[in-house]
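Residue-level structure breakdown
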Amino acid sequence: MSRNSYKEEDEPGGDILRLQQLMFSLGRRRSLRDPIAATCEQLQFTAPQVHALLWLGLDGALTMGELARRLGVTEKTVTGVVDRLEREGQMQRERSASDRRIVLCRLTPQGQQTYQRLDRFIHQAMGMFLGMLDMSDRKALFRILEKVLRRLDAQALGPVSSSRTVS
């Protein structure tokens, strides 16, 4: 959508443009743009492979479809990501006992160690980022992010139509 398609009321005081410019400026700073970039290079994994390790480390076993959705890739693409991580001993595939069509991805013990290494690195990077802010700015940042998350959750639930009836 082009900037010209916004109505004036959608862009109060140029806030949209200002936010866009600030986000782009942050994105240009490699250390803030991708706090796991150096770890990707050290481990010789691509960003999608590292993100797959992170999702599996955070949430445990996931289906191939769910992993693809979280990575923002197709199921065909996630197969290549999983193939490489499986060859590297980082994860394994398992068929669901209840439905053999479902394939679960799970970290191996080596994958767990890699995940813990990534988690430590991200923790350090977030500490550096938060260290740039004083306590009142941190509280404001958390308050704003929590508000955005609540509103996104509310949007995901969507309004309940009054025309629906319960039978």
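All values reported here derive from a predicted model rather than from experimental measurement.

**Some words on the overall build of the protein**
Assigned secondary structure in the protein consists of 8 helices and 3 strands. Starting at the N terminus and ending at the C terminus, the protein contains elements arranged as α-α-α-α-β-α-α-β-β-α-α. The proportion of buried residues among the 167 residues of the protein is 21%. The contacts of the protein with a sequence gap of at least 6 include a subset with a gap of at least 24, amounting to 41%. Accessible surface for the protein amounts to roughly 12400 Å². Of this, 54% is attributable to carbon and sulfur atoms.

**Describing the side chain of Gln90**
You can see Gln90 is positioned in the loop between helix 6 (75–87) and strand 2 (91–95). Classification of Gln90 by relative accessible area gives buried; the value is 4%. Of note is the side chain of Gln90, whose polar atom sits 2.7 Å from the side chain of Thr114. Setting aside residues no more than four positions away along its own chain, Gln90 makes contact with Phe45, Leu53, Leu85, Leu107, Thr108, Gln110, Gly111 and Thr114.

**Digging into the nonpolar core**
Leu56, Leu67, Val78, Val82, Leu85, Met91 and Cys105 are the most contacted members of the largest nonpolar core, which has 23 residues in total. Those elements giving two or more residues to this core turn out to be helix 3 (37–43), helix 4 (47–59), helix 5 (64–71), helix 6, strand 3 (103–107) and helix 7 (109–131). Ignoring sequence-local partners within four residues, the contact set of Leu67 consists of Ala52, Trp55, Leu56, Leu62, Val78, Val82 and Cys105.

**Remarks on the confidence of the model for the protein**
Summarising the model, the protein shows a mean pLDDT of 83, and 81% of its residues fall at 70 or more. Scored below 50 in pLDDT, residues 161–167 shows 0 contacts in the model against residues more than four places distant or in partner chains.

**Quick word on the pattern of salt bridges**
Pairing between side chains of opposite charge can happen when their charged atoms approach one another. Taken as a whole and assessed by the stated rule, the structure comprises 8 salt bridges. Its salt-bridge partner being Glu66, residue Arg69 comes within 2.6 Å of it at the nearest N-O pair. One end of the pair is Arg69 and the other is Glu66, both in helix 5 and 3 residues apart, which spans about a single turn. Overall, Arg69 belongs to the exposed group, its relative accessible area being 57%. Classification of Glu66 by relative accessible area gives partly exposed; the value is 21%. Close ionic contact of Asp99 with Arg101 constitutes a salt bridge, the shortest N to O distance being 2.9 Å.

**A short note on helix 6**
Between its first and last C-alpha atoms helix 6 spans 18 Å; for 13 residues at 1.5 Å apiece the expected length is 18 Å, and the two agree. Listed in full, the buried residues belonging to helix 6 are Val78, Val81, Val82 and Leu85. The buried residues of helix 6 occupy an angular sector of 95° when projected down its axis, which confines them to one face. Those residues of helix 6 that are exposed and angled more than 90 degrees off the buried face are Lys76 and Arg87. For helix 6, the secondary structure elements touched by its buried residues are helix 4, helix 5, strand 2 and strand 3. Positive backbone phi, approximately 80°, marks Gly89, located one or two places after helix 6.

**Concerning the packing of helix 4 against helix 7**
It is at 9 Å that the axes of helix 4 and helix 7 come closest, and there the two elements cross at 100°. In terms of orientation, helix 4 lies roughly perpendicular with respect to helix 7. Here Val50, Leu53, Leu54, Gly57 and Leu58 of helix 4 lie close against helix 7, whose contacting residues are Thr114, Tyr115, Leu118 and Ile122.

**What about the sheet that holds strand 1 (residues 62–63)?**
One open sheet accounts for 3 strands, arranged 1-3-2; its pairing is antiparallel. Taken across any chain shown, the strands that pair with only one partner, and hence form the sheet edges, are strand 1 and strand 2. Summarising the sheet, strand 1 and strand 3 pair through 2 bridges and their orientation is antiparallel. Its bridge partner lying in strand 3, Thr63 is registered against Leu104. Against the sheet, helix 6 touches strand 2 and strand 3, its axis set at about 115° to strand 2.

Parameters at a glance
- Residues numbered from 1 in each chain as written.
- Predicted model: local features only at pLDDT ≥ 70, side-chain atom pairs only at ≥ 80, totals over all residues.
- Heavy atoms only, no water.
- Helix = DSSP H or I, 4+ residues; strand = E, 2+ residues; numbered from the N terminus.
- Buried < 20%, exposed > 50% of the residue type's maximum accessible area, 1.4 Å probe, protein only.
- Contact = heavy atoms within 4.5 Å.
- Areas by Shrake-Rupley, 256 points an atom, 1.4 Å probe, with all protein chains shown as cover.
- Polar contact = N/O pair within 3.5 Å; in protein donor to acceptor, adjacent residues only side chain to side chain.
- Core = buried A, V, L, I, M, F, W, Y, C linked by side-chain atoms within 4.5 Å.
- pLDDT = per-residue confidence, 0-100.
- Salt bridge = Lys/Arg side-chain N within 4 Å of Asp/Glu carboxyl O.
- Expected span 1.5 Å × (residues − 1).
- Arc of directions from axis to C-beta.
- Axes fitted to C-alpha atoms, helices over the stretch in contact; angles between N-to-C directions.
- Parallel < 35°, antiparallel > 145°, perpendicular 65-115°, else oblique.
- Pairing = 2+ DSSP bridges.

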